Amino acid sequence: MLDTSARLLRLLSLLQARRDWSGPALAERLGVGARTVRRDVERLRSLGYPVHATPGVSGGYRLGVGAALPPLLLDDDEAVAVAVGLRSAAAGGGVAGIEETSVRALTKLEQVLPSRLRRRVNAVHDYTVTMPGTGPTVDVGVLTAVTAACRDHERLRFDYTVHDGSGSVRTVEPHRLVSWGRRWYLVAWDLDRQDWRIFRADRIQPRTPTGPRFVPRDPPDGDVVAYVSHRMGTAMWPYQARVRVHAPAESIADRITGLLEAIDEHSCMLTVAGDSLGVITVFLSMIDADFDVIEPPELVEHVARLADRYHRAAHLSAPGA
């Protein structure tokens, strides 16, 4: 039989691994009687762990949320994952204001890591290189406010700045916060536009208070990750264009970055986006197929200017010119 200290650690590990445990199940796993389980639960409570009793014929227990953070019990892989995550955050992970606190938390964790685990963490640190980020950062308070509204199903009002610097007040039903590279995006149902929208978190300034509560909707496209992956190709860029490509969709699918829709067996509609009209024309040149610009008119003018430039270049570069 385990001694009292070892048994308490084992009991804590079981409570952290699963939401609900019956008293008899815990007793069986620990190899003790129900009375010993009750005494050990009281010991954990005295150490600051909020273990709640659950109703039922045989009774049960659940590890709850307390007023203060008690010590956490991590296995080897969990400890390494936390340490690596803290080092990444300390090096700059796109969230402003957590670098210093990440360093403090990492220092505390590494002080108690066994040498075998410290070697694993140090190997990750010593043999990886972090490229300095140049993208926008998100205030940790914004992330906290947005995720809390998602969790509690409360409407969120915020000031939002779009790419041209103009601002507006948006009222949404927040669904999920999505991390994509070094940026964070909020997927939400826009109440004014009655449609799903994606908002960059670094351009959000939440207003308080939140509310009222709402009934969550089904995720867009049935999967929020698929929805963001689909929309990120166009919706988040300042310039967008639609062109009719005179080629089957399947023949160019591996050569484009954008939204592709088949029109018939000989043509397709392509929606492409970028930072500028110049970037869009680069994408279009990679298709290696004829196309007609549907919109915007400015792209037609840009393509015409490029055509004149390339025609002059071809004429001047021709033999004997």
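From a predicted model like this one, the values you see are computed outputs, not experimental measurements. Starting afresh in each chain, residues are numbered from 1 along the sequence in its written order. It should be noted that, the model being predicted, local features are given only for residues of pLDDT at least 70 and side-chain atom pairs only at 80 or more, the latter also being counted only at that level, while totals for whole chains, interfaces and linings use all residues. Side-chain descriptors were evaluated using all non-hydrogen atoms of the structure, hydrogens and water having been removed beforehand.

For the pair helix H1 (residues 4–17) and helix H3 (residues 34–46), interaxial distance at closest approach is 10 Å and the crossing angle is 85°. Considering their axes alone, H1 and H3 lie roughly perpendicular with respect to each other. On the side of H1, the interface is formed by Thr4, Arg7, Leu8, Leu11, Leu12 and Leu15, while H3 contributes Thr36, Asp40, Val41, Arg43 and Leu44. The classification used treats Ala, Val, Leu, Ile, Met, Phe, Trp, Tyr, Cys and Pro as nonpolar, Asp, Glu, Lys and Arg as charged, and all other residues, Gly among them, as polar. Counted by class, the contact of H1 with H3 contains 6 nonpolar, 2 polar and 3 charged residues. Think of each axis as a best-fit line through the C-alpha atoms, taken over the contacting stretch in the case of a helix, with angles from 0 to 180 degrees between the N-to-C directions. Numbering of helices and strands runs from the N terminus, with a helix taken as a DSSP run of H or I at least four residues long and a strand as a DSSP run of E at least two residues long. Orientation categories follow fixed angle ranges, with anything under 35 degrees roughly parallel, anything over 145 roughly antiparallel, 65 to 115 roughly perpendicular, and all other angles oblique. Any two residues whose heavy atoms approach within 4.5 Å are treated as being in contact.

The next point concerns the environment of valine 41. With respect to the element layout, valine 41 can be found in helix H3. Type-normalised accessible area, obtained with a 1.4 Å probe on protein chains alone, sets the label of each residue: buried when under 20%, exposed when over 50%, and partly exposed for intermediate values. On the basis of relative accessible area, valine 41 is assigned to the buried category, the value being 1%. In the structure, valine 41 is positioned 30 residues away from leucine 11 in sequence and 8.3 Å away in space, judged by C-alpha atoms.

Another point: the confidence of the model for the protein. The predictor attaches a confidence to each residue, called pLDDT, with possible values from 0 through 100. Considering every residue of the protein, the mean pLDDT works out to 84; 89% of them sit at 70 or more. Confidence, expressed as mean pLDDT per element, reaches its minimum in the protein at strand E4 (residues 95–96) with 72 and its maximum at strand E6 (residues 156–161) with 95.

On to the side chain of arginine 200. Within the secondary structure layout, arginine 200 lies in strand E9 (residues 195–200). The term polar contact refers here to a pair of N or O atoms within 3.5 Å; inside protein, the definition further demands a hydrogen-donor-capable atom paired with an acceptor-capable atom, and it admits residues adjacent in sequence only when both atoms are side-chain atoms. Of note is the side chain of arginine 200, whose polar atom sits 2.9 Å from the side chain of aspartate 202.

What follows is about the nonpolar core. The biggest cluster of nonpolar side chains holds 17 residues, and the ones touching the most others in it are Val146, Leu156, Phe158, Val172, Leu186, Phe199 and Ile204. When residues of this core are traced back to their parent elements, those giving at least two are helix H7 (140–152), E6, strand E7 (167–180) and strand E8 (183–190). Here the element with the most residues in this core is H7; it accounts for 5 residues. For valine 172, the contacting residues outside a window of four places in its chain are Arg155, Leu156, Phe158, Leu186, Ala188, Trp189, Asp190, Leu191 and Phe199. Membership of the second largest hydrophobic core comes to 16 residues, among which are Leu8, Leu26, Tyr49 and Val51. Nine residue types can take part in a nonpolar core, namely buried Ala, Val, Leu, Ile, Met, Phe, Trp, Tyr and Cys, and a core is a set of them joined through side-chain atoms within 4.5 Å.

With that settled, consider the pairing of strand E10 (residues 204–207). Of the two faces of E10, only one is covered, namely that formed by Ile204 and Pro206; the face formed by Gln205 and Arg207 stays uncovered. Between any two strands, at least two bridges found by DSSP are needed for them to pair. In terms of strand pairing, E6 meets E10 through 4 bridges, oriented antiparallel. Residue phenylalanine 158 lies in a different strand from E10, and its bridge partner there is proline 206.

Backbone hydrogen bonds are what pair the strands of a sheet, in a parallel or an antiparallel way. The antiparallel open sheet is built from 4 strands, whose spatial order is E12-E13-E11-E14. At either margin of the open sheet sits one strand with a lone partner, and together these are strand E12 (259–264) and strand E14 (291–295). The sheet shows a mean angle of 25° between the axes of neighbouring strands, direction not considered. In this sheet, strand E13 (residues 267–274) lies alongside E12 in antiparallel orientation, the contact comprising 5 bridges. When the sheet's bridge partners are listed, leucine 259 is paired in E13 with threonine 271. With respect to the sheet, helix H10 (residues 277–285) is in contact with strand E11 (239–245), E13 and E14, its orientation differing from that of E13 by roughly 145°.

What follows deals with the sheet that holds E9. Read from one edge of the open sheet, 5 strands run E9-E8-E7-E6-E10, paired in antiparallel fashion. Since the sheet does not close on itself, it has two edges, and those belong to E9 and E10, each with one partner. This sheet shows a mean twist of 50° between the axes of neighbouring strands, independent of strand direction. Relative to E8, E7 runs antiparallel, the two being bridged by 8 bridges. From the neighbouring strand, proline 174 faces E8, where its bridge partner is alanine 188. Each of E6, E7, E8 and E10 is contacted by H7, which is oriented at about 85° to E7, the strand it contacts most.

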